Amino acid sequence: LAWAQIFYLASSPLVKPSTRRPTVSSGPPLSSVQSEDPSLLLSRAPLPLLSTRFPRMQVSENEEQLGYGSKRFIGAVADKYLAKYGESSKLFEDPSWTKTKADIVASALLDWGRSSGATVYTHWFQPLGANGLRHGGTGQVHNHMFTFGKDGKPKWEFSGAELLKGETDGSSYPNGGLRATHTAGGYTILDPSSPVFIRGDTIHIPTVFISWEGYALDEKTPLLRAEQAMNREGVRLLKNLGFSTEGVQSNIGLEQEFFLVPRDAYARRLDLQMTGRTVLGRSAPRGQEMCDHYFAPLNPHALECIKTIQEEAFMMGIPLRTRHREVAPNQYEMAPYFGSATQQIDQNLMAMTLCEEVSARFGLACLMQEKPFAGINGSGKHNNWSIGTSEGINLLNVNQVTKATGNPAIFPVIMAALIAGVDKHGDLMRASIACPGNDFRLGACEAPPAIMSTYIGGSLTQFLDDFRNGKATEYKPVKKMLQTGVDIVADFEVPAEDRNRTSPFPYGGHRFEFRAVGSTQNVSFVNTVLCALTAEAFKEFSDKIEAGQSPQEVAKVALNEHWKVIYNGDGYDPEWPAKATKQGVCRIDSGVDAINEMANPKNLKLFEDLKILNKKELEARRDVNLVHYVGMIEMEALCMIDMIVQQIIPALKEAQMSVESVQKAVDMVQKGLAAMHLENGLFEKATLARNLRLETMIEARVFVDNAEGECPAHLWPLATYKELLFLDANQDSNGNTV
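Residues numbered from 1 in each chain as written. Predicted model: local features only at pLDDT ≥ 70, side-chain atom pairs only at ≥ 80, totals over all residues. Heavy atoms only, no water.

What to know about the overall build of the protein
Stage number 1. For the protein, the helix and strand inventory stands at 28 helices and 17 strands.
Stage number 2. Against the compact-globule benchmark of 27 Å for 738 residues, the protein has a radius of gyration of 27 Å, which places it among compact chains.
Stage number 3. In terms of its C-alpha atoms, the protein occupies a principal-axis envelope of roughly 85 × 75 × 75 Å.
Stage number 4. Relative to its 738 residues, the protein shows a buried fraction of 56%.
Stage number 5. Considering only contacts within the protein whose residues lie at least 6 apart along the sequence, 74% involve residues at least 24 apart.
Stage number 6. Of the accessible surface of the protein, which amounts to about 30500 Å², a share of 52% is contributed by carbon and sulfur atoms. (Helix = DSSP H or I, 4+ residues; strand = E, 2+ residues; numbered from the N terminus. Rg over C-alpha atoms; globule rule 2.2 N^0.38 Å. Buried < 20%, exposed > 50% of the residue type's maximum accessible area, 1.4 Å probe, protein only. Contact = heavy atoms within 4.5 Å. Areas by Shrake-Rupley, 256 points an atom, 1.4 Å probe, with all protein chains shown as cover.)

Here it is in structure tokens:
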């Protein structure tokens, strides 16, 4: 935890205290919250969301002194309150506690909440169709933890039944036809794989979301089913390879990119407020062409905002370890330590929420959209993915696997299965990243192309080639030492392979990095797909081994059949798309086409065989994503029309400039929008929407951006790229745009 000590104890305030942290009333003494009388809650002022300044800490190895996880109900935090009922946090190691000890846990949570100033609870779930639109990407309803006795007086109460299950209107969320107003029942059920946590006065209980008929209405349920399938087939395959384990799970680390822009400039952009993306805007004289932003010192005002995000996340057990500037101006990244997929996704959603809410306190706006500005890099969310055993062995780390099993043949078998899965289900991988913003990014020299290949590096490629030809015995990646040529600087070690940032799914020595994921995305479906294709490949390998084939022979056949998906070259090479298509590697340029392929017969069989999604559930997800795509483009087109008609045309007239070209732009967009509205077929409508966005709106934008370049600056009604993107140059001592 040394890093945590450093970022809490380092650096004095860089701005005035009055601007560094907002003033928040603390309300009445906490004793009123701890009182036996819940009615006192009704009259007291609200508590702050969290401490407005994390207390200075002594350097210590004791994480409790650091405050890490003090708002998360596991470990020592949970032990303190469960002890009263004769239990400890060890009960969470067996999910059957939900059947036998829910009332005990509920009582302990109530005690914890009251002592922490949190007397409200919510079931916290992940509705479909939330990417880039729904604040925080989650659904929640807040309830106070009290009821009324026979005497009419309120009393504290929170039951196991309330902890385990809630109910809401399933028809009011995107559901792809799984629910309707007359069949609306939806139920939130506690997910025991992800810890309960507190934010502000509210206990957050992670849940799944299920319809009255048992259909998954959320992002998380299919992921838990896929994890279950991968665990089952992973344990089975390892047993067939001579190694026993209690379980297998996926672990991920998510690199979250985003922009921080001045909020007063943001307030002068209808498009940013409504869609998170600028649909108009002339490029500033300076962009990222000098490569001067990446890893530069953080802007002081943005740094204070990010530090607060880290502090609040830290208390909820979200270890946001890394922070740095990204390639584009005003673009930043934060990343945590690795963890289990379900917990990491929950934590990423909360981190995104914190970014949006905390930035507002600092006079900034956080933009998560994949491509908020033209002409500079957009944002992604790199999904670093590995598979681990319950005993802590990383199955993608050859040294760990060989040491634990004593069998050097296990690693190439696992890699062969994964390579086969990527080749067989590249279309599903492409569909999993098909969010509207990614149509601007993929293959644009800022993100990998829409070709689902994998990079594994020269030495591993050579080893697997030897393996499939019966030559190799053991893969031993050789690290090398480099010298700087400076005597006083020590020699240093580098990995066996270089980094390939142009591959959508490169292997990095102990994990794969799905680099093509969009920044707004809830990555539950991304990881559902990775777990599903892995589970299927493991199952197929086990079936053949149990039928009498040797593991090595099964792996060799798979490598020979799917070798084409390995590509160690430059993904930005203009000749690669045609070459990939000729080789039969999955290439789907259009996000709409990729979404439409989600429910094809091959993919339906995959999900049904593994009991992850049935036909209705899979088709519902396809339809929700198509509707989401259409809706996003419709909002962008309407913003463009309103901004031109209501703001830009009047400004040009005041400047005594011709409005003919910008009126033509309006007419073009309106015509395309009308054609989209007339189309009834969902796929066809989405196809028209994509054409409207990537062709018509881009052409229309040229007219408006040219007009911006000619209009006197004092008459131009919109915040410009210069005002939005250069916080360093455009802010006063309080961080306001000047």
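Some details on the pattern of salt bridges
Stage number 1. Within the structure shown, the criterion is met by 36 salt bridges.
Stage number 2. For K84, the salt bridge goes to D111, with nearest N and O atoms at 3.4 Å. Of this pair, K84 sits in the loop between α5 (75-82) and α6 (97-100) while D111 sits in helix α7 (residues 102-115), and the two are 27 residues apart along the sequence.
Stage number 3. A relative accessible area of 17% means that D111 is categorised as buried.
Stage number 4. A salt bridge links E493 to K479; its shortest N-O distance comes to 3.9 Å. (Salt bridge = Lys/Arg side-chain N within 4 Å of Asp/Glu carboxyl O.)

So, the environment of M481
Stage number 1. Summarising the element assignment, M481 is placed in strand β15 (residues 480-482).
Stage number 2. Taking the relative accessible area as the measure of exposure, M481 reaches 51% and is therefore exposed.
Stage number 3. Once the C-alpha coordinates of M481 and D543 are considered, the two residues, 62 residues apart in sequence, prove to be 43 Å apart.
Stage number 4. Sequence-distant contacts of M481, defined by excluding residues within four places in its chain, comprise D491, F492 and E493.

Description of the packing of aromatic side chains
Stage number 1. Per the counting criterion, the structure on display carries 23 aromatic pairs.
Stage number 2. Ring geometry for F411 and Y475: centres 6.0 Å apart, planes at 10°, overall stacked. Within this pair, whereas F411 is found in helix α15 (residues 410-424), its partner Y475 is found in the loop between α18 (458-468) and β15, the two being separated by 64 residues in sequence. Just as F411 is buried, Y475 falls in that class too.
Stage number 3. Among the aromatic residues, those joined into a cluster by ring pairs are W385, F505, Y507, F512 and F514.
Stage number 4. Across the ring face of W563, the terminal group of R468 is positioned such that the distance to the ring centre comes to 3.9 Å. (Phe/Tyr/Trp six-rings, centres within 6.5 Å; stacked < 30°, edge-to-face > 60°. Lys NZ or Arg CZ within 6 Å of the ring centre and 35° of its normal.)

Some words on the nonpolar core
Stage number 1. F514, F607 and I644 are the most contacted members of the largest nonpolar core, which totals 154 residues.
Stage number 2. If one sorts the elements of this core by residue count, helix α24 (residues 615-654) sits on top with 15 residues.
Stage number 3. Ignoring anything within four residues of it in the chain, the contact list for I644 reads L280, I649, P650, V662, A665, V666 and V704.
Stage number 4. Of all hydrophobic cores here, the second largest spans 23 residues; its members include A78, L91, L163 and L190. (Core = buried A, V, L, I, M, F, W, Y, C linked by side-chain atoms within 4.5 Å.)

Points about unusual backbone geometry
Stage number 1. In this model, F295 sits at a positive phi of 65°, which is unusual for a non-glycine residue.
Stage number 2. Among the structural elements, F295 can be located in the loop between α11 (270-275) and α12 (300-315).
Stage number 3. Residue classification places F295 among the exposed residues on the basis of a relative accessible area of 54%.
Stage number 4. Phi is positive for K611, which is not a glycine, with a value near 60°.
Stage number 5. Structurally, K611 is set in the loop between α23 (601-609) and α24.

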